[in-house]
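Chain and residue survey
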2 protein chains.
Amino acid sequence: MPSYTAPVKDMQFLLHNVLQISGADIPGYGDLDDSFTGAVLEEAAKVASGILAPLNSVGDREGCVLQNGVVRTPTGFKAAFDTLKQGGWTALDCDPEYGGQGLPYLMGTAVGEMFVSANMAFNMYQGLTHGAYSAIHVHGSPDQKARYLPKMVSCDWTGTMNLTEPHCGTDLGLMRTKAEPQADGSYLITGQKIFISAGDHDMADNIIHLVLAKAPGGGEGTKGISLFIVPKVLVNDDGSLGARNAVTVGKIEDKMGIHGNATCVMNYDGATGWLLGDLHKGMRAMFTMMNEARLGVGLQGYAQAEAAYQNALIYAKDRLQGRAVTGAENPSGPADPLIVHPDIRRNLMEQKSFVEGARALTFWAASLIDRSVRMGDEAAEGLVSLMIPVIKGFQTDKGFEMAVAAQQVYGGHGYIEEWGMSQFARDARIAMIYEGANGVQALDLVGRKLAQDGGKHVMAFFEMVKAECKLHDGDDRMKGFADPLKAASKQLQQAAMFFMQAGMKNPNAALAGSYDFMHLMGHVCMGLMWTRMAKAAYTALDAGASDRDFLDAKIATGRFYMARQLPACGMHLARIETGAEPVMALSPEAF
Amino acid sequence: MPSYTAPVKDMQFLLHNVLQISGADIPGYGDLDDSFTGAVLEEAAKVASGILAPLNSVGDREGCVLQNGVVRTPTGFKAAFDTLKQGGWTALDCDPEYGGQGLPYLMGTAVGEMFVSANMAFNMYQGLTHGAYSAIHVHGSPDQKARYLPKMVSCDWTGTMNLTEPHCGTDLGLMRTKAEPQADGSYLITGQKIFISAGDHDMADNIIHLVLAKAPGGGEGTKGISLFIVPKVLVNDDGSLGARNAVTVGKIEDKMGIHGNATCVMNYDGATGWLLGDLHKGMRAMFTMMNEARLGVGLQGYAQAEAAYQNALIYAKDRLQGRAVTGAENPSGPADPLIVHPDIRRNLMEQKSFVEGARALTFWAASLIDRSVRMGDEAAEGLVSLMIPVIKGFQTDKGFEMAVAAQQVYGGHGYIEEWGMSQFARDARIAMIYEGANGVQALDLVGRKLAQDGGKHVMAFFEMVKAECKLHDGDDRMKGFADPLKAASKQLQQAAMFFMQAGMKNPNAALAGSYDFMHLMGHVCMGLMWTRMAKAAYTALDAGASDRDFLDAKIATGRFYMARQLPACGMHLARIETGAEPVMALSPEAF
């Protein structure tokens, strides 16, 4: 069975050496000194490794079962969920007014990574709750907040998001679920929603469904959509639980992965709901939490790769097979460990350099969200909005690819479920699809975010990269970072320029290259992160840090990424510059 | 449930327009005129679509079950296997002396693609039998051939290959299975073999296991290994079945995919076996069939991608979601079909252009095997040996990637097992692992095949590409093919040159780039195939062919590959030229 060890040291390095959070001017960051974050992370690590990780394969094997209308979670899930609640882990970055601990989003992100690496399907129960909590926190009336939030912060009640219907996923304008206004101000909700993660289960007393539906008078398409709170069990004014609402589970989907999470078809048969936020502004309310939700999915991408990588590394050191081409390295044994072979080493380095880069990018974006939310910093908000589709799309594509690469290290054993490597790949696969399929992320990036606010956020990003490179001018040690970063950034700018010029005449010329642009920008972001990490490592080394091996390894891992992965940028640019023609040449009938 | 339609027209185009087989000088090819191959392919297509494809999801869902020591295959498998046998499909390219139809290997390959696309797990029962048949055909004594081959050609008896043991896969020198010589010339085989595809089942009267084991006196490592015939049921001299041999199924593995095929742990407890071929030359005997076996796995890669692509295309034309950015294309409907969106189109074109290119490469390689086997052509043998690791490694990597891409077109539905797209990806995954994991293919290519026979095969390959480009000098229509092919081939040569120079000093410098080289060469092979296909299409158009839409689409698909996929070559070269240092910088302890 796979194991998991939380990368506390890597996280501490990011928080304190790279992001230097305790010196940052973001409210709440001042308390985050090295020993405090270390203590939080060490405690979270125990929960992740000791409680959640051992249940990962149990969840995969048993899955969730629908019995007499009730969803049963896998053995051990409820006890683990109780432990999580009792430890306050569900409340980490929630509002203290409702029982939260008020820590920055960044800390929630770091702890979240551990829980996702240890058990992605399990962590979704609280992850979805957090999303619903945020929506009510931002858009709810005082009564709604008082009624629902304390129980959601503690995860006594969990939450869901209901968007998709059988005939509409990305195109929510086609939605058919109806909301009928009642005399008392409530609505009756009728319709079917599908792919509802954590739609029902046996670990909480109530489930607060947030449901998109069409109320009369809103007009066509997405304009007519509103957001409703539809509790599984109605909540009385005194906070006690009342009657069962008219919402039932139609079935649990049989999925490729995340079997431990119940993905439900939900039937609303005149269920009572209450408007959350403004009438006919449901899309806007739903997408308030989009940055956080998509960052969370981007995190799932590399968190699965991290767990898979850890096990591939153990196997590569353990499994004896063949001899090093440069001479036996384990002469007293029957063969050398796999890790002596250059192609195994290449594979492991690809995994390691991706995971560490993606973690840096995710943590940095989380700090930008803190800066935006806690300080109202619009530049930070604009920058993170620009990067969210990259973080979601690039990191989940690569995260899956790396989980598959880790599986490959095991040879035939990687294909056998008992060894657990298949699960990492199967679980990671969903992150490329949900919360906006990756093609939609690319469309959001190129069709919307690039030009947002007159293009000022992407210009700011280019300026930031340029400034980073300039910082290392003449520093020979940093040449292997700053030079490739500068070149890659130029290629990214050239691609953006191509979109501006060709896209003016034919929008397809830009959209046909959108996926490549997302990946090109992903590599530039990773290059930026590795440049910052290398600099932080050199700075620590110069200051006489004791953990020299760790810092040397950090620099070597970054050099691998810059040398071996940034060359993808030129390929993406070349593809982009072929424009729409090769892509659109065939008519649909000619396929 | 997914459907499958055999691409008969595409295959006919390859056989007659591109390979021009009926005019080729290979014995047996003269009979393969357009109407004959068309008739064979149309009949095979009916079996594939009508009988095998509907059982694909059944096999995935039910899997194989071990009951009282006997493996039960999924519902309908036995009846379908009988149909296959009765139609003579298992005997297509087998020796007429033993009941085969004696058709060229190329025809077996074309039919094989259909069966693999329709039901990969099912087709492995006869695929493994074919491999065992070939080994006995080449290395068996007259008595062994007479005793086993007729029943194996008809698939009344099936076959297996037993190499792997729990502690050794790639490194067979670590093998522990023993063969103890008996007075009557037989051997007693004792040991455990794992990952034995089709190791046991209920569709044949007997199973002929080919088992690698160590007989006394052979020395250390792979030198001591011999190959043995170990029937499940002993065969009397009159051909009737005798006593049950001491071989049993330990368990069936629970795998990520190909559930319909029983992957068995086989226990040999003093089972009676007979030496096949020479004592202590078992590795050589086993690897006689390696080219065919690895070509077969490379075929599985694109065959799964083909099946997945067909369904993604149907879904993309069917599913209404969003509007074309250039204006509604289905204005009377609630939305436009997915296929109007440029990024969906990009995705489909990547799938289509890969599958058609890989089919061309595989068919060409199959014709080289025919040329080698039927004419003793050493140049053809050398060339196909060079290309086999590329066909196996590149095509299975890309085949899986494309199956995943096809799954992505379905959005959330792609993740739900009911829709069948997950199975294509899960089944395709194994092809990257078995029959030599893809990292081992890369090692075989760079560490062995490049330098084989003084490098003359790779030089011949470069000359062939050069000649192909020269052929189209001054042909404006072919510029979009010949120019990128020439550039890519130069990059491949530059990479080979780098290996020669850097690898002399440090073999790791070559091996660290082996995986990239395999992919770089894969793209060059695809470019060569697309150039030939485009030329064949133009030639047919110029001759006034009636199916102009088909030929135009062929050219447009090729242009896409050249423009959008060949830029990967530059990336691979850049990675290769960074050498060993970035890959090997970290010591195993520093990971």
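Let us look at the structure shown here. (Residues numbered from 1 in each chain as written. Chains lettered and ligands numbered in written order. Predicted model: local features only at pLDDT ≥ 70, side-chain atom pairs only at ≥ 80, totals over all residues. Heavy atoms only, no water.)

1. Here's the deal with a positive patch on the surface
Residue and element names in this part refer to chain A. Inclusion rule: Patches draw on residues past 30% relative accessible area with no salt bridge. Two like charges within 9 Å are joined, as are two nonpolar side chains (Val, Leu, Ile, Met, Phe, Trp, Tyr) within 5 Å. Accessible surface area values rest on a Shrake-Rupley calculation with a 1.4 Å probe, where residue burial reflects the displayed protein chains alone. In what follows, salt bridge is the name for a side-chain nitrogen of Lys or Arg lying within 4 Å of a carboxyl oxygen of Asp or Glu. Positive: Lys, Arg. Negative: Asp, Glu. His and the chain ends are not part of the count. Charge positions come from single atoms, namely NZ of Lys, CZ of Arg, CG of Asp or CD of Glu. Helix and strand definitions follow DSSP, with helices as H or I runs of at least four residues and strands as E runs of at least two, each counted in order from the N terminus.
Taken together, the side chains of Lys466, Lys470, Lys486 and Lys490 define a basic patch exposed on the protein surface. Counting only elements with at least two residues in the positive patch, the list comes to α14 (452–471) and α15 (479–505). If you trace the backbone, lysine 470 turns up in helix α14.

2. So, the packing of aromatic side chains
Residue and element names in this part refer to chain B. Note the following rule: Aromatic rings from Phe, Tyr and Trp, with only the six-membered ring used for Trp, were paired whenever their centres fell within 6.5 Å, and each pair was classed as stacked if the ring planes differed by under 30 degrees, edge-to-face if by over 60, and tilted otherwise. Residue exposure (1.4 Å probe, protein chains only): buried if accessible area is under 20% of the type maximum, exposed if over 50%, otherwise partly exposed.
If you walk through the whole model with that rule in mind, you get 26 aromatic pairs over all chains. Plain terms: the ring middles of phenylalanine 13 and phenylalanine 550 are 5.7 Å apart, the flat faces sit at 75° to each other, and that makes the pair edge-to-face. Separated by 537 residues along the polypeptide, phenylalanine 13 in helix α1 (residues 8–18) and phenylalanine 550 in helix α18 (residues 548–565) bring together distant segments of the chain. There is no split in this pair, since phenylalanine 13 and phenylalanine 550 are both buried.

3. Comments concerning unusual backbone geometry
All names here are of chain B. In this structure, cysteine 155 takes a positive phi of about 65° despite not being glycine. One non-glycine residue, glutamate 435, lies in the positive phi region at around 60°. Inspection of the secondary structure puts glutamate 435 in the loop between α12 (421–431) and α13 (438–449).

4. Describing the relation of the copies chain A and chain B
So the rule is basically this: The least-squares superposition of copies is restricted to C-alpha atoms, and to residues with a pLDDT of at least 70 in both copies. Contacts: residue pairs with any heavy atoms within 4.5 Å of one another.
Turning chain A through 180° and shifting it by 0.0 Å along the axis lays it on chain B, with an RMSD of 0.0 Å. The two molecules are tied by a two-fold rotation axis, judged by turn and shift. By C-alpha distance to the rotation axis, the residue of chain A lying nearest is methionine 571 of chain A, at 3.1 Å. A share of 100% of the interface residues of chain A reappears at the interface of chain B, consistent with the copies meeting face to face through the same patch.

5. Quick look at helix α18 (residues 548–565) of chain A
What counts, and what does not: A helix is expected to span 1.5 Å multiplied by its residue count minus one.
With 18 residues, α18 of chain A extends 25 Å from end C-alpha to end C-alpha; this agrees with the ideal 26 Å at 1.5 Å per step. Summarising burial for α18 of chain A: 13 of the 18 residues are buried, a large majority.

6. Quick word on the interface of chain A and chain B
Frequently, the measure chosen for interface size is the accessible area that the parts lose on association. For clarity, the threshold we go by: Take the accessible area each of two parts loses on contact, using a 1.4 Å probe, and add the two losses: that sum is the buried area. Two N or O atoms form a polar contact when they lie within 3.5 Å of each other; inside protein one atom must be a possible hydrogen donor and the other a possible acceptor, and for residues adjacent in sequence the pair counts only when both atoms belong to side chains. Polarity classes work like this: nonpolar for Ala, Val, Leu, Ile, Met, Phe, Trp, Tyr, Cys and Pro, charged for Asp, Glu, Lys and Arg, and polar for all others, with Gly in that last group.
Counting from both sides, the interface comprises 94 residues of chain A and, opposite them, 94 residues of chain B. Summed over both partners, the interface of chain A with chain B comes to about 7,600 Å²; 62% of that surface belongs to carbon and sulfur atoms. The largest share of the area that chain A buries against chain B comes from Tyr415, Arg564 and Phe591 of chain A, three residues that together contribute 12% of it. Where chain A touches chain B, the interface holds six salt bridges. Applying the counting criterion to the chain A and chain B interface returns 44 residue pairs in polar contact (both at pLDDT 80 or more). The element contributing the most residues to the side of chain A that touches chain B is α18 of chain A, with eight residues. Looking at the side of chain A that touches chain B, its residues break down into 48 nonpolar, 24 polar and 22 charged.

7. Topic: the packing of helix α17 (residues 514–542) of chain A against α18 of chain A
Residues and elements named next belong to chain A. To keep it simple, the criterion reads: Helix axes are fitted to C-alpha atoms over the stretch in contact, other axes to C-alpha atoms as well, and angles between N-to-C directions run from 0 to 180 degrees. We call two directions roughly parallel when the angle between them is under 35 degrees, roughly antiparallel when it is over 145, roughly perpendicular when it lies between 65 and 115, and oblique otherwise. Left-handed describes a crossing whose near helix is turned anticlockwise from the far helix through less than a right angle; right-handed describes the clockwise counterpart.
Where α17 meets α18, the closest approach of the two axes is 9 Å, and the angle between their N-to-C directions is 150°. Here α18 runs roughly antiparallel to α17, going by the angle between their axes. Viewed along their axes, α17 and α18 form a crossing whose handedness is left-handed. Of the residues in α18, those in contact with His523, Met526, Gly527, Trp530, Thr531, Met533, Ala534, Ala537, Tyr538, Ala540 and Leu541 of α17 are Arg548, Leu551, Asp552, Lys554, Ile555, Thr557, Gly558, Tyr561, Met562 and Gln565. Looking at the contact of α17 with α18 residue by residue, the classes come out as twelve nonpolar, six polar and three charged.

8. Notes on the pattern of salt bridges
Residue and element names in this part refer to chain A. The full count for this structure, using the stated rule, is 66 salt bridges over all chains. Linking glutamate 356 and lysine 352 is a salt bridge whose minimum nitrogen-to-oxygen distance equals 2.9 Å. Here lysine 352 and glutamate 356 lie together in helix α10 (residues 342–375), a separation of four residues that amounts to about one turn. Accessibility classification places glutamate 356 together with lysine 352 in one group, the buried group. Note that arginine 532 and glutamate 468 form a salt bridge whose closest N and O atoms lie 3.2 Å from each other. Note that arginine 532 is positioned in helix α17 and glutamate 468 in helix α14, a separation of 64 residues in sequence. Owing to a relative accessible area of 21%, arginine 532 belongs among the partly exposed residues under this scheme. Exposure remark for glutamate 468: the relative accessible area of 8% places this residue in the buried category. One connected set of salt bridges, linked through shared partners, spans Asp10, Lys352, Glu356 and Lys554.

9. Details of the environment of phenylalanine 13 of chain B
Residues and elements named next belong to chain B. Judged by relative accessible area, phenylalanine 13 falls into the buried class, the value being 3%. Note: C-alpha distance between phenylalanine 13 and methionine 533 (520 residues apart in sequence) is 8.7 Å. The contact partners of phenylalanine 13, leaving out residues within four places of it in the chain, are Val18, Met533, Ala536, Ala537, Phe550, Leu551 and Lys554.

10. Considerations on the side chain of asparagine 311 of chain B
With respect to the helices and strands, asparagine 311 of chain B occurs in helix α9 (residues 290–318). Residue contacts for asparagine 311 of chain B: discarding those within four places in its chain leaves Pro2, Ser3, Tyr410, Met421 and Phe424 of chain B.

11. Description of the environment of threonine 90 of chain A
Residues and elements named next belong to chain A. Structurally, the position occupied by threonine 90 is in the loop between α4 (77–86) and α5 (105–118). Distance from threonine 90 to asparagine 347, taken between C-alpha atoms, is 36 Å for residues 257 residues apart in sequence. Ignoring anything within four residues of it in the chain, the contact list for threonine 90 reads Leu84, Lys85, Gln126, Val153, Ser154 and Cys155. Polar contacts involving the side chain of threonine 90 include one to the main-chain carbonyl oxygen of valine 153, which spans 2.7 Å.

12. Some points on the side chain of lysine 145 of chain B
Residue and element names in this part refer to chain B. Structurally, the position occupied by lysine 145 is in helix α7 (residues 142–153). No salt bridge forms around the buried lysine 145; measuring N to O, its nearest opposite-charge neighbour aspartate 95 is 6.6 Å away. A distance of 3.2 Å separates the side chain of lysine 145 from the backbone oxygen of histidine 137, its partner in a polar contact.

13. Side note on the environment of histidine 472 of chain B
All names here are of chain B. Looking at the element boundaries, histidine 472 is found in the loop between α14 (452–471) and α15 (479–505). Given the relative accessible area of 3%, histidine 472 is considered buried. Put simply, histidine 472 and threonine 531 are 59 residues apart on the chain and 9.3 Å apart in space, counted from C-alpha to C-alpha. Among all residues touching histidine 472, those that are not within four sequence positions of it are Met478, Ala482, Thr531 and Lys535.

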